[in-house]
Amino acid sequence: LDLQLNQKVQSIVQLQLNLNEKLKKKVENLATLQSKILDEELIRWKREQQLAGNGTKFISNLDNIQEWCESLAEIIWITRQHIKEGERLKQKLALTPQGMTDILPNLGIQITQLLSSLVTSTFIIEKQPPQVMKTNTRFTSTVRLLVGGKLNVHMNPPQVKVTINSEAQANALLKNDKVGKGEASGEILNNTGIMEYHQATRQLSVSFRNMQLKKIKRAEKKGTESVMDEKFSLLFTSQFSIGGGELVFQVWTLSLPVVVIVHGNQEPHAWATVTWDNAFAEAGRVPFAVPDKVPWGQVAEALNMKFHHATGRHLTEENLKFLAEKAFRTQQIGGDFTQLPLSWSQFCKEPLPERAFTFWEWFYAVMKLTREHLKGPWVDGLIMGFVRKRHAEEMLSACATGTFLLRFSDSELGGVTIAWLGGETSEVFMLQPFTNKDFTIRSLADRISDLHHLVYLYPDRCKTQAFSKYYTPFTENQATTHNGYVKPVLVTHIPGMSNLSPSSLGSYPATPQTMFQPQSPDTVTSEAGGSYHSVLEL
């Protein structure tokens, strides 16, 4: 009988050892799988979300990642219960031989750490707040807990609170892995919300739809630093329990870097800071460190991405070479700049030669003008844009009289000029640049239509064929407006050049000359004042 009992005991002990080994192997496999999901897939999703801030096409697979995380959470929770049950049986039977290491307590700690890491890592920002944030302006953001539904967190919906942190505070938070009790770097209105469970999508999330940054506390500036160089981050925090209060979690997540502005004229430089950070941030960095110098090839990729997102068409290799020459302040036509490092200072701090603005300010103004007023012609390839004045002159000199092209002005921020070959001596002329204000009065296509000495779009395309679909329809019988007045038509005219024709003006007579001189290119008064832009035809 003793022999049989001993055999039974040995059999049970062996089964216990086998179970422990299987549990150990399972925990190891779960750790490997979790690392693949969190450290590869979720990190990749976050990086792509950041690049989307620069215009990269972002196809989110967050729902797939949630499914993986939910399945993982379920397996981890069941494995944790198995380990706990194993410990209970071990204590009940008390059959562990002397000298044998009991691995279950350690496995229990490991599986709980896996669960904790999974829960805290899947508290993510699904919709980022705006990265250029203006004070006293409403903004939105959405936070989601990927494993919230599977772990029944929604049974007692947690509250989420939002504060704004400085770069130093974000750095300290990542070092300590704990939310400090220090003061926030600003005041956000409507900064709390309750997470809601959406049955159809199985998503536990909260959308902040009416937040507003009321005030901001800035750090002291060093050297050439400006407020548009300073980065902040929104901190989302929450606390909840699972397993009937068995495990309590304090979770937090930081938004992408945010630049706070108080006035619209700070926006271009703020976007420079954000664009550089989005493009060149490295995984696992100290918040929010970025390299001071980057190879031009990477800068060109970021600019191309940004321009395409804003305007609908990619930059060509020739466009990017032009931008490289401008950024590096060189006349080295056709050189290979790919590996040449461009500094942050060259990008947006140092003014261009003989100019009062930086490379980024010039690029941003051109991009803004194209997005708001020139998108159609740009997408159609009607605007050459990025071409030097001298190169434009050389190109036009070999063409027929009346040939013109459109290039972005080097001297005027956000300006586009018409260069054309004309006159008795076949001279190349440059029209005073049109800017955003001019195009709110009359479109580029209509202005080109007005100027009858412009005949062919470089090299030999009939301008009507190129631009007619953008012309504003005109009818001779103009209806009066609701107040009884006849609406005037503005027509572009260049003094000394006869370009007004009945077809362009309908039934309107010529404008009488007046004594008033225009005060700026945007002033629309008379053709006698020497303005190169618009005149009023009634």
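Cut-offs used in this document
- For every chain, the first residue of the written sequence is number 1, and numbering continues from 1 along that sequence.
- Totals for whole chains, interfaces and linings use all residues, but because this is a predicted model, local features are given only for residues with pLDDT of at least 70 and pairs of side-chain atoms are given and counted only at 80 or more.
- Side-chain descriptors were evaluated using all non-hydrogen atoms of the structure, hydrogens and water having been removed beforehand.
- Segments assigned H or I by DSSP are reported as helices when at least four residues long, segments assigned E as strands when at least two residues long, and all are numbered from the N terminus.
- Each residue is placed in one exposure class: buried if its accessible area under a 1.4 Å probe, protein chains only, is under 20% of its type's maximum, exposed if it is over 50%, and partly exposed if it falls in between.
- Throughout, a contact is declared for two residues whenever any of their heavy atoms are within 4.5 Å.
- Accessible surface is estimated by sampling points in the Shrake-Rupley manner with a 1.4 Å probe; for residues, cover comes only from the protein chains shown.
- In the sections that follow, a salt bridge refers to a side-chain nitrogen of Lys or Arg positioned within 4 Å of a carboxyl oxygen of Asp or Glu.
- Note on ring pairs: Phe, Tyr and Trp rings are taken, using the six-membered ring of Trp, and paired if centres are within 6.5 Å. Classes follow the plane angle, with under 30 degrees stacked, over 60 edge-to-face and the rest tilted.
- Placement of a positive charge over a ring is assigned whenever Lys NZ or Arg CZ falls within 6 Å of the ring centre and within 35 degrees of the normal to the ring plane.
- Only the stretch in contact is used when a helix axis is fitted, and all axes are lines through C-alpha atoms; the angle between N-to-C directions ranges over 0 to 180 degrees.
- These descriptions rest on fixed angle ranges, namely under 35 degrees for roughly parallel, over 145 for roughly antiparallel, 65 to 115 for roughly perpendicular, and the rest for oblique.
- Helix crossings are classified by the rotation of the near helix relative to the far one: an anticlockwise turn of less than a right angle makes the crossing left-handed, while a clockwise turn makes it right-handed.
- Side-chain classes follow a simple rule in which Ala, Val, Leu, Ile, Met, Phe, Trp, Tyr, Cys and Pro form the nonpolar group, Asp, Glu, Lys and Arg form the charged group, and the remainder, Gly included, forms the polar group.
- Strands were regarded as paired on the criterion that DSSP finds at least two bridges between them.
- Side-chain atoms within 4.5 Å are what join buried Ala, Val, Leu, Ile, Met, Phe, Trp, Tyr and Cys residues into a set we call a nonpolar core.
- pLDDT is a per-residue confidence score from the predictor, ranging from 0 to 100.

Brief notes about the overall build of the chain
Next up, step 1: Looking only at helices and strands, the chain has 14 helices and 20 strands in total.
Next up, step 2: When burial is assessed residue by residue, the chain has 45% of its 538 residues classed as buried.
Next up, step 3: The long-range fraction of contacts in the chain, counting pairs at least 24 apart against all pairs at least 6 apart in sequence, stands at 67%.
Next up, step 4: Only carbon and sulfur atoms are counted for the fraction: they give 52% of the accessible area of the chain, which is about 27,800 Å².

Quick look at the environment of Ser411
Next up, step 1: Secondary-structure assignment places Ser411 in the loop between β14 (403-408) and β15 (416-422).
Next up, step 2: For Ser411, a relative accessible area of 48% gives the class partly exposed.
Next up, step 3: Separated by 54 residues in sequence, Ser411 and Phe357 have C-alpha atoms that sit 9.3 Å apart.
Next up, step 4: Every residue in contact with Ser411, bar those within four places of it in the chain, is listed here: Arg355 and Phe357.

Looking at the pattern of salt bridges
Next up, step 1: Evaluated as defined, the whole model comprises 22 salt bridges.
Next up, step 2: Salt-bridge contacts for Arg144 lead to Asp63; the nearest nitrogen and oxygen are separated by 2.8 Å. One end of the pair, Arg144, is in strand β3 (residues 138-145); the other, Asp63, is in helix α2 (residues 62-93), with 81 residues separating them in the sequence.
Next up, step 3: On the basis of relative accessibility, which here comes to 1%, the residue Arg144 falls in the buried class.
Next up, step 4: Given the relative accessible area of 45%, Asp63 is considered partly exposed.
Next up, step 5: Here Arg442 makes a salt bridge to Asp450, at a shortest N to O gap of 2.7 Å.
Next up, step 6: Through salt bridges with shared partners, a single network forms among Asp63, Glu126 and Arg144.

Things to note about the packing of aromatic side chains
Next up, step 1: The final tally for this structure, using the stated rule, is 26 aromatic pairs.
Next up, step 2: Residues Trp45 and Phe58 carry aromatic rings whose centres are separated by 5.8 Å and whose planes lie at 55° to one another, so their mutual orientation is tilted. Of the two residues, Trp45 sits in helix α1 (residues 2-52) while Phe58 sits in the loop between α1 and α2, which places them 13 residues apart along the sequence.
Next up, step 3: For Trp45, a relative accessible area of 2% corresponds to the buried category.
Next up, step 4: In this structure, Arg313 packs its charged tip against the face of Trp378, placed 3.7 Å from the ring centre.
Next up, step 5: A cation sits over an aromatic face here: Lys326 above Trp362, 4.5 Å from the ring centre.

Here we look at the packing of helix α6 (residues 296-311) against helix α9 (residues 359-379)
Next up, step 1: With their axes 9 Å apart at the nearest point, α6 and α9 run at an angle of 40° to one another. The angle between the axes of α6 and α9 places the two elements in the oblique class. Crossing geometry of α6 relative to α9 is assigned as right-handed. In this structure, α6 contributes Trp296, Leu303, Lys306, Phe307, Ala310 and Thr311 to the contact, and α9 contributes Phe359, Trp360, Phe363, Val366, Met367, Thr370, Arg371, Lys375, Trp378 and Val379.
Next up, step 2: For the contact of α6 with α9, the class distribution of residues is eleven nonpolar, two polar and three charged.

A look at the sheet that holds strand β16 (residues 427-430)
Across a sheet, strands are paired by hydrogen bonds formed along the backbone, either parallel or antiparallel in direction.
Next up, step 1: As summarised here, the arrangement of the five strands in space is β16-β15-β14-β17-β18, forming an open sheet in which the pairing is mixed. Edge positions in the sheet fall to β16 and β18 (461-462), since each of these pairs with one other strand and no more.
Next up, step 2: Here α9 sits on the sheet in contact with β14 and β15, set at roughly 135° to β14.

Overview of the nonpolar core
Next up, step 1: Within the largest apolar cluster, 57 residues are counted, with the highest numbers of intra-cluster contacts made by Trp296, Leu323, Phe347, Trp362, Phe386 and Ile418.
Next up, step 2: At ten residues, α9 tops the list of elements feeding residues into this core.
Next up, step 3: Those residues in contact with Trp362, other than ones at most four positions away along the chain, are Phe322, Leu323, Lys326, Leu352, Phe357, Phe386, Phe408, Ser409, Asp410 and Leu413.
Next up, step 4: Grouped together as the second largest cluster of nonpolar side chains are 52 residues, Ile76, Leu151, Leu204 and Val258 included.

Side note on the sheet that holds strand β6 (residues 192-194)
Next up, step 1: Taken together, the four strands give an open sheet; going across it, the order is β6-β4-β9-β10, and neighbouring strands pair in antiparallel fashion. In this open sheet, the two edge strands, each paired with only one partner strand, are β6 and β10 (247-254). For this sheet, the mean inter-axis angle between neighbouring strands, taken without regard to orientation, is 25°.
Next up, step 2: In the sheet, strand β4 (residues 159-166) pairs with β6 via three bridges, with the strands oriented antiparallel. Bridge pairing links Val160 to Gly193 in β6.
Next up, step 3: Where helix α3 (residues 104-121) meets the sheet, it contacts β9 (232-242) and β10, and its direction lies at approximately 40° from that of β10.

A word on the confidence of the model for the chain
Next up, step 1: Taken over all residues, the pLDDT of the chain has a mean of 86, while the share at 70 or more is 87%.
Next up, step 2: Taken together, the stretch residues 499-538 has pLDDT below 50 and engages in 100 contacts with residues farther than four places along the chain or on a different chain.

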